[in-house]
Amino acid sequence: MPKPMLPQTEAPSWWSLSPDDLMRAARAKPEGLTTADADRIRSQVGANVLNEHRRDTALSMLLKQFTDPLVLILLFAAVVSAVVHEWTGTIIVMAIITASALLSFSQEYAASNAVETLRKQVTLKATVLRDGQPASIAAEAIVPGDIVLLSAGSLVPADGVVLEAKDFFVNQAVLTGETYPVEKAPGAVAAQATLNERHNMVFMGTNVRSGTARVLVVTTGTSTAFGQIADRLTLRPPETEFERGIRRFGYLLTRIMMALVAAIFVINALLEKPVVDSLLFAIALAVGLTPELLPAIISISLSRGAQRMARENVIVRRLNAIENLGSVDVLCTDKTGTITQGVVRLDGALDTQGQPSAHIARWAYLNALYQTGIANPLDEAVLAMDKPDIQGFAKADEIPFDFQRKRLSIVVDDQGGARLMISKGALANILAVCTDVLANGERVPLDDDRRADIDRRFSEWSGQGYRVLGVAVGQVPEKAVYSAREDEQGLALAGFLLFFDPPKEDVAQTIQSLAQLGVTVKIITGDNRLVARHVAGLVGLPKDSVLPADAIRDMQDEALWHMAEKTAIFAEVDPNQKERIILALKKTGHVVAYMGDGINDAPALHAADVGISVESAVDAAREAADFVLLKRDLSVLLSAIKQGRTTFSNTLKYIYTTTGANFGNMLSMAGASLFLPFLPLLAKQILLNNFLSDLPAIGIPSDNVDPEDVARPRKWDTGGIRNFMLLFGLVSSVFDYATFGLLLFIARATEAQFQTGWFVESLLSELVVALVVRTRRRFYQSKPGKALWAITLAVSLAALVIPYLPLGDVLGFVPLPLWLLAALIGVTALYVVATEAAKGYFFSRLTRRG
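Residues numbered from 1 in each chain as written. Predicted model: local features only at pLDDT ≥ 70, side-chain atom pairs only at ≥ 80, totals over all residues. Heavy atoms only, no water.

### Regarding the overall build of the protein chain
Part 1: Scanning the protein chain from N- to C-terminus turns up 30 helices and 23 strands.
Part 2: Looking at the protein chain as a whole, 56% of its 850 residues are labelled buried.
Part 3: Restricting to contacts in the protein chain with at least 6 residues of sequence separation, those with at least 24 account for 73%.
Part 4: Surface accessibility of the protein chain: about 35400 Å² in total, with carbon and sulfur atoms responsible for 57%. (Helix = DSSP H or I, 4+ residues; strand = E, 2+ residues; numbered from the N terminus. Buried < 20%, exposed > 50% of the residue type's maximum accessible area, 1.4 Å probe, protein only. Contact = heavy atoms within 4.5 Å. Areas by Shrake-Rupley, 256 points an atom, 1.4 Å probe, with all protein chains shown as cover.)

Here's what the structure looks like:
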């Protein structure tokens, strides 16, 4: 049994060790660890995770409910009550604090568990040697001593030393800031080498751009270079538009609360009302103004949105991005597999005269068979054809595909013992390494006439929707290792491969449906402009609106901002250009989603407001995405956008229903306290009112949403919320003062009767107005969700019966005459009518939205 590895804190300078010393120090074996060894090492060094990804425990989540500033204000109020021996008030305030905290905790904890379950479906995996065989395991299960197999598109799961490599380039900008990928190769370097100089090491969090490698893991988790600086990195994603809106809304309420508390306390104290009661009253008003369940409502709305999306085959990786998805008005996507079926078929293996050729088929088959880099549908299509005779051929070496060369070369020993290089790739890139053409089995020079003939055939086939690759061959000298720089030259163009990937049957309808939702689809593809134009025409996109890579390359940023908005198809683009296009669209005010699955899509996924990938994507793309589609289909995304808008709409409902009514009630109480010889409501009554009026909010995340609310992209509007609060607050205050008049001048109410009557009316008005302002339609034309309706009905009944229960006496309530109760219900009904009229005015005149 191997001895345990050195503790990671005592690790030597791994990069400076010779291969033998390295394996000895790491107590590793070329065939990798056994499962038993890996389990034992993991128990010693821990899981391969960073601290910041740990989930909150149930206890920490519960305690966090009591650290909210509003809860702290209430706790202060309870302490003040206890100091002056107002034990009833203290108990009631503490009961309300506890009930609110438990309510928020239960909802958030359930939401957290649901989201965590969904996220586990798209955990990062890596290929390691276990028990002598390649095995795909969760990245967090990797331990020091593991042998990891990396290829283009892989995220590096831990720090390791390169044992073997082939044209292996890694993007490590996250650690070093280097713009371009750097080559990694075996070989010790000085112990004093800096991070940039350790060309034999790969680091957690970086990603492989091209090539393959076998790597020995030496450090994991927080002991990695990434883990040691993670606390200093800006790991938090950029603030979304919705998060920014919530923050500004919080600032608005804070300013109002501070002014309200100070003014009411001072004025009531000057009027020689009890100081303690005045302070508690002012604090209760401030708390009553605040939608304290907003964090819980947002969490519940987002988690339920994530669960609904999961049922539509969309996994949410970043919860807050759901709101942004609802605001998307431009969707940029690759063509293959999204617009097209993604099931590529090889329609022809042709020679340079355009005739079917068994030689081209065999060379293409060998190239696809022996390549070990990025799996791709083109190679799968080649291998799916009838297998040609390849007996007697043996692989000698490989120069993997990368996105700069856009070629893949295989070196084989042929049946006659000659060594042959077979290169396959984008036709222009193949021609770049060719000096000759094979014509009737003979090498002839690649002159201008033959190049013009090749260009003519390429344009003709591309215009028919074929993706055309070139195949080139050439004899090469025998040696151990071949490289692109030295050996991919002097080849002869042998022929062409014609691939066809037809559009999906329903994609044109889906694009039209997205347009009806206010989302414009743009294709960003590496394919040539002729193929892209052909496909665009088939799916209903403007096929003449094409911007090729060479035009983008020559454009200044300002010119690209102008062109990007008018362009439907961006063709022949490279990864950096994809990112420029996304940033240009964002610069012109669009909320942009980008959908991609390749290593070359990672920069664009990061740049977009919403990054979308698929389950089969390379690690780097999947980890950069906010959403992962389990089914690669635009129609799935159509449903996800609707869910995002539903979530956004339901969150705004809570803000609208609470701020409007709460602001009006608190304003009315503040005014009434100036001329009444007593407080219009006791602090405990205000807090109970606020608690009960918030209960129906539990049903808002599952509330029904009108079709027009998801018909167009929606953005956060703090100014609109402020205007809503002022308008509906004033309407509410008018009926509050009508209630005051009813109680004081008609009913001749005592202090307790006044407080009871206004408690009933203010609570009923808050409950019913929620059913009115939850929709832009007439309230009776939009059916509320079952939970919202049931809870609203239950709390309304509670408001009517509490004064008649023994609990009412403890709270300072008294039974009301039935005629007065009926009159209060009548005032509430008139308030509903007035609110309906104000709603029509607000949405038609103030917001100018449909």
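### Brief notes about the pairing of strand S18 (residues 520-524)
Part 1: Counting buried positions along S18 gives four out of five residues, so the element sits mostly inside the fold.
Part 2: Note that S18 and strand S20 (residues 569-571) share two bridges and pair parallel. By the bridge assignment for S20, isoleucine 524 is matched with phenylalanine 570. (Pairing = 2+ DSSP bridges.)

### Some details on the sheet that holds S18
Part 1: Ordered in space as S8-S23-S22-S21-S9-S18-S20-S19, the eight strands form an open sheet in which the pairing is mixed. The sheet is open, and its two borders are formed by strand S8 (314-316) and strand S19 (546-548), each paired with just one other strand. Direction aside, the axes of adjacent strands within the sheet are offset by 20° on average.
Part 2: Bridge analysis of strand S9 (residues 330-333) against strand S21 (residues 592-595) gives four bridges, and the strand direction is parallel. Its bridge partner being in S21, leucine 331 is matched across the sheet by alanine 593. (Axes fitted to C-alpha atoms, helices over the stretch in contact; angles between N-to-C directions.)

### Here's the deal with the packing of helix H27 (residues 751-773) against helix H28 (residues 786-801)
Part 1: It is at 9 Å that the axes of H27 and H28 come closest, and there the two elements cross at 165°. What the angle tells us is that H27 and H28 run roughly antiparallel. Where H27 crosses over H28, the two elements pack in a sense that is left-handed. Residues Val760, Leu763, Leu764, Leu767 and Leu771 of H27 lie in contact with H28, whose contacting residues are Leu788, Trp789, Thr792, Val795, Ser796, Ala799 and Leu800.
Part 2: Partitioned by chemical class, the residues of the contact of H27 with H28 number 10 nonpolar, two polar and no charged. (Parallel < 35°, antiparallel > 145°, perpendicular 65-115°, else oblique. Left-handed = near helix turned anticlockwise from the far one by under 90°. Nonpolar A, V, L, I, M, F, W, Y, C, P; charged D, E, K, R; others polar.)

### What about the side chain of serine 765?
Part 1: On the secondary structure map, serine 765 appears in helix H27.
Part 2: Polar contacts involving the side chain of serine 765 include one to the main-chain carbonyl oxygen of serine 762, which spans 2.8 Å.
Part 3: Setting aside residues no more than four positions away along its own chain, serine 765 makes contact with Asn665, Thr828 and Tyr831. (Polar contact = N/O pair within 3.5 Å; in protein donor to acceptor, adjacent residues only side chain to side chain.)

### A closer look at the nonpolar core
Part 1: One finds Leu331, Ile582, Ile612, Phe627 and Leu692 to be the most contacted residues of the largest nonpolar core, which totals 130 residues.
Part 2: Broken down by element, this core gets its largest block of residues, 16 residues, from helix H24 (residues 634-675).
Part 3: Setting aside residues up to four positions removed in sequence, leucine 692 forms contacts with Phe759, Leu763, Leu767, Val795 and Ile802.
Part 4: Of all hydrophobic cores here, the second largest spans 29 residues; its members include Leu346, Ile390, Leu469 and Val471. (Core = buried A, V, L, I, M, F, W, Y, C linked by side-chain atoms within 4.5 Å.)

### Here's the deal with the pattern of salt bridges
Part 1: All told, the structure shown has 32 salt bridges when counted by the stated rule.
Part 2: Close ionic contact of aspartate 397 with lysine 166 constitutes a salt bridge, the shortest N to O distance being 2.7 Å. Residue aspartate 397 is located in strand S11 (residues 394-399), and its partner lysine 166 is located in strand S4 (residues 159-171); the two are separated by 231 residues in the primary sequence. The same class applies to aspartate 397 as to lysine 166, namely buried.
Part 3: Three or more residues joined by partner-sharing salt bridges are found here, namely Asp453, Arg456, Arg457 and Glu460. (Salt bridge = Lys/Arg side-chain N within 4 Å of Asp/Glu carboxyl O.)

### Remarks on H27
Part 1: Its 23 residues give H27 an end-to-end C-alpha distance of 32 Å, which sits within 8% of 33 Å, the value for a rise of 1.5 Å per residue.
Part 2: Counted residue by residue, H27 has 19 buried out of 23 residues, so it is predominantly covered. (Expected span 1.5 Å × (residues − 1).)

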